Amino acid sequence: MGKHVDDRLTFTTDFAEIADADVHFICVGTPQQPGAMAADLTYVDAAVDSMLPFLKDGALVVGKSTVPVGTAQRLADRINEITPRDVDVDLAWNPEFLREGFAVHDTLHPDRLVLGVTNDRSEQILREVYQATISGDSTPVEVTNLPTAELVKVAANSFLATKISFINAMSEICEITGADVTKLADAIGHDDRIGRKFLNAGVGFGGGCLPKDIRAFSARAGELGAASSLAFLAEVDAINLRRREHVVEMVRRELDGLAGRRVAILGAAFKPNSDDVRDSPALAIAGQLHLSGAQVSIYDPKAMPSAAQIFPTLSYADSVEDALRDAEIVLHLTEWSEFRELDPTTLGDLVASS
Ligand SMILES: NC(=O)c1ccc[n+]([C@@H]2O[C@H](COP(=O)([O-])OP(=O)(O)OC[C@H]3O[C@@H](n4cnc5c(N)ncnc54)[C@H](O)[C@@H]3O)[C@@H](O)[C@H]2O)c1
């Protein structure tokens, strides 16, 4: 962090210190509610409530968190209701599209900016904030109303999740019929309208965004009386979760049972270049195998501490070699480049049989 911190960037947990700011970004978490599909908005609400007493006249509050459509208007109404008459505060929504693992790059060079605003002044302030990005990279700027900005984010994530589940559904059919899903993806991906990106069959998506975002979107559609419009997202979710069960079943079949069998797992993070294990397919599969009696040894270049916090009973290896030693089966579940570059013939000597 050091090189990004100078006297223009400071951190505080004291809301009184924000009183001078012209623009306030809200980037707090919106996780899935425990025991429900909907988003938990308590952190967003708490952040707004905490800043309300300190907002100065002319301040702009900008939401970045991914929220159910309608949240921004509700917050704008609350801000108007609570701030004194002589304090005029606007609210805008500016969804975030960065990819974990490329957060700094994507923040400095976003592929688009979406500015959900209610007036020209808010748009001008946001254009000033993003001036370097807009002029330097010719980043496209989409100016929208509040609900459109909120929806852009969940629509984009729903589309990406659907694309991944689509190819994973194809892989289910390929496995039955002897077809090759990678060749199939290559062949359909040549069509520009389809594209090859996000068409890799595998253990499916996870992390702190896609799963909870499609569930929260479905839940919101239900509240809006439009559940059937997004009914397909339940199937996208189901296909995705089936991948994890499928891997566990494949291992059970290969090893003729799981109790006492030695399984090596490469990867714990939900994606490479991150230590994030939230809803990680790799960790879910490791956990399920462990709970079914297998001896699971897991290694990840970055995510071991966060994985150990969530699943302390798994055996965490110090290296790839350690994880593989005497394994009866090896599962490569997170696409770290250091795993992709491994030479299976060299590693063959370490495992129980190759
Ligand atoms: N992680 C991503 O790649 C990504 C990408 C795009 C959008 N988003 C969205 O951005 C939001 C944040 O995601 P995240 O992954 O950074 O979540 P996170 O849980 O990792 O981080 C949220 C942070 O907010 C802080 N916080 C919670 N309540 C607060 C309060 N009242 N006041 C001040 N700080 C508070 C927490 O301490 C935590 O540090 C979510 O809505 C998510 O959907 C995330």
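This structure is a prediction, so every number in the text was calculated from the model and none was measured.

### Section: the site of the ligand
Right, on to step 1. Inspection of the region around the ligand gives 17 residues, with Thr 30, Thr 66, Glu 100, Lys 212 and Arg 278 positioned closest.
Right, on to step 2. One nitrogen or oxygen atom from the side chain of Thr 30 is found 2.6 Å from an oxygen atom belonging to the ligand.
Right, on to step 3. In the complex, 61% of the free accessible area of the ligand, which totals 830 Å², lies under the protein chains.
Right, on to step 4. For the shell around the ligand, the leading source of residues is helix α1 (residues 42-51), giving 3 residues.

### Quick notes on α1
Right, on to step 1. Turning to α1, its buried residues number three or more, namely Val 44, Ala 47, Val 48 and Met 51. Here the buried residues of α1 occupy an arc of 95 degrees about the axis, which is enough to place them on one side.
Right, on to step 2. Buried positions along α1 lie against β1 (23-26), β2 (60-63) and α2 (71-82).

### Side note on the pattern of salt bridges
Right, on to step 1. Applying the stated criterion across every chain yields a total of 24 salt bridges.
Right, on to step 2. Note that Arg 215 and Asp 279 form a salt bridge whose closest N and O atoms lie 4.0 Å from each other. Placement of Arg 215 in helix α8 (residues 210-223) and of Asp 279 in the loop between β6 (262-266) and α10 (281-291) is noted, with a sequence separation of 64 residues between them.
Right, on to step 3. Its relative accessible area of 11% is what places Arg 215 among the buried residues.
Right, on to step 4. Between Arg 242 and Glu 235 there is a salt bridge; the shortest N-O distance is 3.8 Å.
Right, on to step 5. Under the relative-accessibility criterion, Arg 242 is labelled partly exposed at 31%.

### Some words on the packing of α8 against helix α9 (residues 231-255)
Right, on to step 1. At a minimum axis distance of 9 Å, the contact between α8 and α9 shows a crossing angle of 150 degrees. Between α8 and α9, the angle falls in the class roughly antiparallel. Crossing of α8 against α9: the hand is left-handed. Along its contact with α8, which presents Ile 214, Arg 215, Phe 217 and Ser 218, the element α9 presents Leu 233, Val 236, Asp 237 and Leu 241.
Right, on to step 2. Of the residues assigned to the contact of α8 with α9, the class counts are 5 nonpolar, 1 polar and 2 charged.

### Description of a nonpolar patch on the surface
Right, on to step 1. A grouping of Phe 159, Leu 160 and Phe 198 is seen on the molecular surface, where their side chains present a nonpolar patch of about 300 Å² in accessible area.
Right, on to step 2. Take Phe 198: it is sitting in the loop between α7 (181-189) and α8.

### Considering unusual backbone geometry
Right, on to step 1. Of note, the phi angle at Asn 273 is positive, near 65 degrees, even though the residue is not glycine.
Right, on to step 2. Within the element layout of this structure, Asn 273 appears in the loop between β6 and α10.
Right, on to step 3. A relative accessible area of 42% places Asn 273 in the partly exposed class.

Reading the values: the criteria
- Residues numbered from 1 in each chain as written.
- Predicted model: local features only at pLDDT ≥ 70, side-chain atom pairs only at ≥ 80, totals over all residues.
- Heavy atoms only, no water.
- Near = heavy atom within 4 Å.
- Polar contact = N/O pair within 3.5 Å; in protein donor to acceptor, adjacent residues only side chain to side chain.
- Areas by Shrake-Rupley, 256 points an atom, 1.4 Å probe, with all protein chains shown as cover.
- Helix = DSSP H or I, 4+ residues; strand = E, 2+ residues; numbered from the N terminus.
- Buried < 20%, exposed > 50% of the residue type's maximum accessible area, 1.4 Å probe, protein only.
- Arc of directions from axis to C-beta.
- Contact = heavy atoms within 4.5 Å.
- Salt bridge = Lys/Arg side-chain N within 4 Å of Asp/Glu carboxyl O.
- Axes fitted to C-alpha atoms, helices over the stretch in contact; angles between N-to-C directions.
- Parallel < 35°, antiparallel > 145°, perpendicular 65-115°, else oblique.
- Left-handed = near helix turned anticlockwise from the far one by under 90°.
- Nonpolar A, V, L, I, M, F, W, Y, C, P; charged D, E, K, R; others polar.
- Patch = residues over 30% accessible without salt bridge, like charges linked within 9 Å, V, L, I, M, F, W, Y side chains within 5 Å.

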